[in-house]
Amino acid sequence: MSATTSQLHQRLEAFPRTRLCTPHTPLEDMPRLAILTGVGRLLIKRDDCTGLAMGGSKVRQLEFYLGEALAQHCDTILITGAVQSNFVRLAAAAAAKLGLACHIQLEERVADVDDLYRTSGNVLLDQLLGAVIHTYPRGEDEAGADANLDLIASSLRGEGRSPYIIPLSPAHKPLGALGYIVAAMELVAQFQEMNVTPDEIIVPSGSGNTHAGLLFGLRALGVTTPVVGACVRRSAPEQTGRIADRCDQIAALLEMSSPVCAEDVLLVDDALAPGYGLLNEPTRAAIHAGASQEGLILDPVYSGKAMASFLNRAKEQGPEANLVFIHTGGTPALFAYGKRVL
Ligand SMILES: Cc1ncc(COP(=O)(O)O)c(C=O)c1O
């Protein structure tokens, strides 16, 4: 049996939450991209416009992490991510807004990067937002990166600080995914208002909190639309297990049975190669399509890659199809790739 929006709200109310996100990001028609791909209707959920410090999906997730940090009377936020991490930039912004200190750990996740990548985009904003920067030499070692956060936390405690850790590895409870259950409720209300029944929703799938939270929320509300995760970090077979586990963890966190079954977990990885954070031609073309057709800014790591997958799928669907793309932001990273995107 599906939950009602108010039942889901009640479950979510058990978790401390700090409002950081613009309520109701727009769900916008993109008629020129629809014509380009030959689909009937193409709508984009503008979570690149969540409000805080150039926006993005992670603002929704941070509402729950920062809510817990404040409830625990912490005074310092501690987070890890790639050098051009949007999550880290937004954690620094949220911390600044709430008067907390922020320590960020930047991981070497992308090989052979240049000076622009290390200094522009999100890194520039991290510095502007006053974050204390630490570095971690590996990029594919989630448990190691988390263990290093624990070491930094111990040293901060030694200085009398009270740190709150936002961990990376999937071994931790998926608090951030709750932000995308909220987004699912918002989206369902927008579908009703706009009288749309989408045939498919596409969302970038990295740590999995966005994808799993959205899928869980929609299924809990009885919405059966396929939700396709576009892999930006690891291959579809690897990501499938992660999303399925994430959904089970969300169910445990909310103390309810999972409305998600194995067949609901759909992933594509056609735009991933040659790997995380590495630009490819379909992604470059997708970034250009967004900009030239709709004045839409996409990034090379997340939203551009997902748009490349989305354009591939849309071309197979035909003029009857109504498709929804979740734009998760990432705009500042564009500047770190400079002329390579042109
Ligand atoms: C702009 C953007 N889109 C999508 C994602 C992927 O979201 P998730 O890690 O929740 O899978 C991220 C993750 O950092 C991101 O920064």
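Residues numbered from 1 in each chain as written. Predicted model: local features only at pLDDT ≥ 70, side-chain atom pairs only at ≥ 80, totals over all residues.

Concerning the overall build of the chain
Inference 1: What the chain contains, in helices and strands, is 13 helices and ten strands.
Inference 2: On C-alpha atoms alone, the chain measures out to a radius of gyration of 19 Å, which is about the 20 Å that the 2.2 N^0.38 rule sets for 342 residues.
Inference 3: Taking the principal axes of its C-alpha atoms as reference, the chain extends roughly 60 × 50 × 35 Å.
Inference 4: A separation threshold of at least 6 residues defines the contact pool for the chain, and within that pool the share at least 24 residues apart is 80%. (Helix = DSSP H or I, 4+ residues; strand = E, 2+ residues; numbered from the N terminus. Rg over C-alpha atoms; globule rule 2.2 N^0.38 Å. Contact = placed C-beta atoms within 7 Å.)

Observations regarding the nonpolar core
Inference 1: Membership of the largest hydrophobic core comes to 103 residues, with the highest contact counts inside it found for I77 and A91.
Inference 2: In terms of residue count, the dominant contributor to this core is helix α8 (residues 177-194) (nine residues).
Inference 3: Summarising the domain contributions, this core has at least three residues from each of domain 1 (5-56 + 174-341) and domain 2 (59-166). (Core = buried A, V, L, I, M, F, W, Y, C linked by C-beta atoms within 7 Å. Buried ≥ 20, exposed ≤ 12 C-beta atoms within 10 Å, placed from the backbone. Domains from an automatic or database assignment.)

Details of the domain arrangement of the chain
Interface size, as often reported, equals the accessible area lost upon joining of the parts.
Inference 1: For the chain, the domain assignment lists domain 1 (5-56 + 174-341) and domain 2 (59-166).
Inference 2: The gap between the C-alpha centroids of domain 1 and domain 2 is 23 Å.
Inference 3: Between domain 1 and domain 2, the contact holds 33 residues from the first and 29 residues from the second.
Inference 4: Every element with two or more residues in the side of domain 1 that touches domain 2 is listed here: α8 and α13 (331-337).
Inference 5: Residue composition of the side of domain 1 that touches domain 2, by class: 19 nonpolar, twelve polar and two charged. (Nonpolar A, V, L, I, M, F, W, Y, C, P; charged D, E, K, R; others polar.)

What to know about the sheet that holds strand β7 (residues 200-205)
Each strand in a sheet pairs with another by means of backbone hydrogen bonds, the pair being arranged parallel or else antiparallel.
Inference 1: The mixed open sheet is built from six strands, whose spatial order is β1-β2-β10-β7-β8-β9. The two strands at the open ends of the sheet, each matched to only one other strand, are β1 (27-29) and β9 (266-268). Adjacent strand axes in the sheet meet at a mean angle of 30 degrees when their direction is disregarded.
Inference 2: Inspection of the sheet shows strand β8 (residues 227-231) paired to β9 by three bridges, in the parallel sense. Following the sheet pairing, V228 is matched in β9 by L266. (Pairing = 2+ DSSP bridges. Axes fitted to C-alpha atoms, helices over the stretch in contact; angles between N-to-C directions.)

Focus: helix α7 (residues 142-158)
Inference 1: An ideal rise of 1.5 Å per residue puts 24 Å on 17 residues; α7 measures up with 25 Å between its terminal C-alpha atoms.
Inference 2: Three or more residues of α7 are buried, namely A145, L149 and I152. One face of α7 carries all of its buried residues, which in axial projection span an arc of 60 degrees. Opposite its buried face, α7 presents the exposed residues A143, A147, D150, L151, S154, R157 and G158, each directed more than 90 degrees away.
Inference 3: In the core, the buried residues of α7 are packed alongside β3 (76-82), β4 (101-107), β5 (132-136) and β6 (163-166). (Expected span 1.5 Å × (residues − 1). Arc of directions from axis to C-beta.)

Comments concerning the sheet that holds β4
Inference 1: Taken in spatial order, the four strands of this open sheet run β5-β4-β3-β6, and their pairing is parallel. On the outer flanks of this sheet lie β5 and β6, each paired with one strand and no other. Sheet twist, expressed as the average angle between the axes of neighbouring strands with direction ignored, equals 25 degrees.
Inference 2: When β3 meets β6, the two strands line up parallel, connected through four bridges. Looking at β6, one finds that L78 is bridged to I165.
Inference 3: Of the strands in this sheet, β3, β4 and β6 are in contact with helix α4 (residues 86-98), which crosses β3 at around 165 degrees.

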